[in-house]
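Overview (structure and organization)
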Amino acid sequence: MKLALHMNWQPDRRWRLARQLGVRYAIPTGWMTRPASGPMPWSYERLREGQQRFADAGFELPVIGSPPLNAVRLGTDGAEREFDDLAEQLDAMGRLGIPVLCYNWMPLLHAVRTSARTPGRGGALVTSYDHALMADAPWTETGQVGDDLLWDTFRRFLERVVPLAESAGVTLALHPDDPPISPIRGLARIFRSVDALEAAVASVPSPANALTFCQGTIATMGGDVIQAIHRLGARGAIAFVHFRDVRGTAERFVETFHDEGPTDMYAALEAYRAVGFDGPLRPDHAPAMDGEGDGEAMYEDLGRLYAVGYIRGLLEGVDRERA
């Protein structure tokens, strides 16, 4: 497995820390966004520049995020431009040998949380979600969006984009809905169960149609994470892993340190090995530790650096046991 870290596109302290940890794979931060002017970040030239910048520092790029897809998800004006942007990015990724594109089908609202400062172990700050606090939240400007619309646009998306991904040699990796509960502010969320994720990859069968296996989201679905790895991994459907854990349910949960949640993380890594997964795996969503808490929620440094050491130890144990 390719142990990776979430990193900024430009060199900074996180790059230096990653090198000191011996991490060789970088997952650039966030989804692509459209700038007010200038070349698009998903163009061949911009991606080549970014890839070379990472390569000069000793990193490979196994995964990048998608360009904006809200109009495609909602079937509104602007969808054709977004399809064109995605086609340009897939072509560029294929030419540059960047193998996985991570995307989601959550219109407007992605990883929704109701707090970024919930006290965790030893006073560390974790993110949390309480659906009761969203009960009276207003609808977004899009209004009410139902399951049928999102399933329809998703299937049309796959039918159109999977052939492009196949041609480029890129794998599309769908991230499940986080939190996996519907609706939130009037917006349906359709990938909120393991059954739905399996239906997603079965709807257009192709090696290019796969998943980002986000352990924390799978756990809040109420599913058994280890069983889900075997079930989806047996289909060859896991292209990218977000290695994290939570305590609770989709209605109410808190994020945890990687070593204190309810999931057997050692058994999870054993399961990835058993199904033959050898792709990128990153420690995702870590607590903010002492001296942190003013940066990007879920993506401060110390908790994820702790996670890297923890994962390395687990992987060494798994590999020795298999040997």
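Report on the accompanying structure.

Criteria and thresholds
- Residues numbered from 1 in each chain as written.
- Predicted model: local features only at pLDDT ≥ 70, side-chain atom pairs only at ≥ 80, totals over all residues.
- Heavy atoms only, no water.
- Helix = DSSP H or I, 4+ residues; strand = E, 2+ residues; numbered from the N terminus.
- Expected span 1.5 Å × (residues − 1).
- Bend = angle between axes of the 7 residues up to and from the residue.
- Buried < 20%, exposed > 50% of the residue type's maximum accessible area, 1.4 Å probe, protein only.
- Contact = heavy atoms within 4.5 Å.
- Axes fitted to C-alpha atoms, helices over the stretch in contact; angles between N-to-C directions.
- Parallel < 35°, antiparallel > 145°, perpendicular 65-115°, else oblique.
- Left-handed = near helix turned anticlockwise from the far one by under 90°.
- Nonpolar A, V, L, I, M, F, W, Y, C, P; charged D, E, K, R; others polar.
- Pairing = 2+ DSSP bridges.
- Polar contact = N/O pair within 3.5 Å; in protein donor to acceptor, adjacent residues only side chain to side chain.
- Disulfide = S-S within 2.5 Å.
- Salt bridge = Lys/Arg side-chain N within 4 Å of Asp/Glu carboxyl O.

1. Let's talk about helix α5 (residues 147–168)
For α5, which comprises 22 residues, the first-to-last C-alpha distance of 30 Å matches the rise-based estimate of 32 Å (1.5 Å per residue) to within 8%. Of all bends in α5, the biggest is about 35 degrees, found at valine 161, and the proline proline 163 comes one to four residues later. Within α5, burial applies to Leu150, Trp151, Thr153, Phe154, Phe157, Leu158, Val161, Val162 and Ala165. On its buried face, α5 sits against α3 (70–74), α4 (79–96), β4 (100–104), β7 (171–175), α6 (194–203) and β8 (209–214). One or two residues past the end of α5 sits glycine 169, with phi positive at roughly 75 degrees.

2. Structural notes on the packing of α6 against helix α8 (residues 225–233)
The contact between α6 and α8 brings their axes to 11 Å, and the two run at 15 degrees. In terms of axis orientation, α6 runs roughly parallel to α8. Crossing of α6 over α8 shows right-handed handedness. Between α6 and α8, the residues in contact are Val194, Asp195 and Glu198 and Ala228, Arg231 and Leu232, respectively. Tallied by class, the residues present in the contact of α6 with α8 amount to three nonpolar, no polar and three charged.

3. Overview of the sheet that holds strand β3 (residues 63–65)
If you trace the eight strands from one edge of the open sheet to the other, you get β2-β1-β12-β9-β8-β7-β4-β3, paired in parallel fashion. With one partner strand each, in any of the chains shown, β2 (25–28) and β3 form the two edges of the open sheet. Geometrically, the sheet is characterised by an average inter-axis angle of 30 degrees between neighbouring strands, direction not taken into account. Across three bridges, β7 lies against β8 in parallel orientation. For leucine 174, the partnering residue across the bridge sits in β8 and is leucine 211.

4. Section: the side chain of asparagine 104
Mapped onto the secondary structure, asparagine 104 falls in strand β4. Under the relative-accessibility criterion, asparagine 104 is labelled buried at 0%. Separated by 2.9 Å, the side chain of asparagine 104 and the backbone nitrogen of methionine 106 make a polar contact. Not counting the four nearest positions on each side in its chain, asparagine 104 is found in contact with Trp31, Arg73, His110, Leu174 and His175.

5. Describing the state of the cysteines
This structure, assessed with the given rule, holds zero disulfides. The thiol of cysteine 102 is not disulfide-bonded; the next cysteine sulfur, from cysteine 214, is found 9.1 Å away.

6. Points about the packing of α8 against helix α9 (residues 265–274)
For the pair α8 and α9, the least separation of the axes is 9 Å and the interaxial angle reads 10 degrees. By the angle between their directions, the pair α8 and α9 is classed as roughly parallel. Two secondary-structure elements touch here, α8 through Ile226, Ile229 and His230 and α9 through Ala267, Ala268, Ala271, Tyr272 and Ala274. The residue makeup of the contact of α8 with α9, split by class, is seven nonpolar, one polar and no charged.

7. Topic: the pattern of salt bridges
Evaluated as defined, the whole model comprises 23 salt bridges. Salt-bridge contacts for arginine 192 lead to aspartate 147; the nearest nitrogen and oxygen are separated by 3.3 Å. Placement of the pair is arginine 192 in the loop between β7 and α6 and aspartate 147 in helix α5, with a sequence separation of 45 residues. Overall, arginine 192 belongs to the partly exposed group, its relative accessible area being 31%. Judged by relative accessible area, which is 27%, aspartate 147 ranks as partly exposed. Among the ionic pairs, aspartate 195 bridges to arginine 231, the shortest N-O distance being 2.5 Å. One end of the pair, aspartate 195, is in helix α6; the other, arginine 231, is in helix α8, and 36 residues separate them in sequence. Relative accessible area serves as the criterion here: at 33%, arginine 231 is assigned to the partly exposed category. A cluster of three or more residues bridged by salt bridges with shared partners is formed by Arg113, Asp178, Arg244, Glu255, Arg282 and Asp284.

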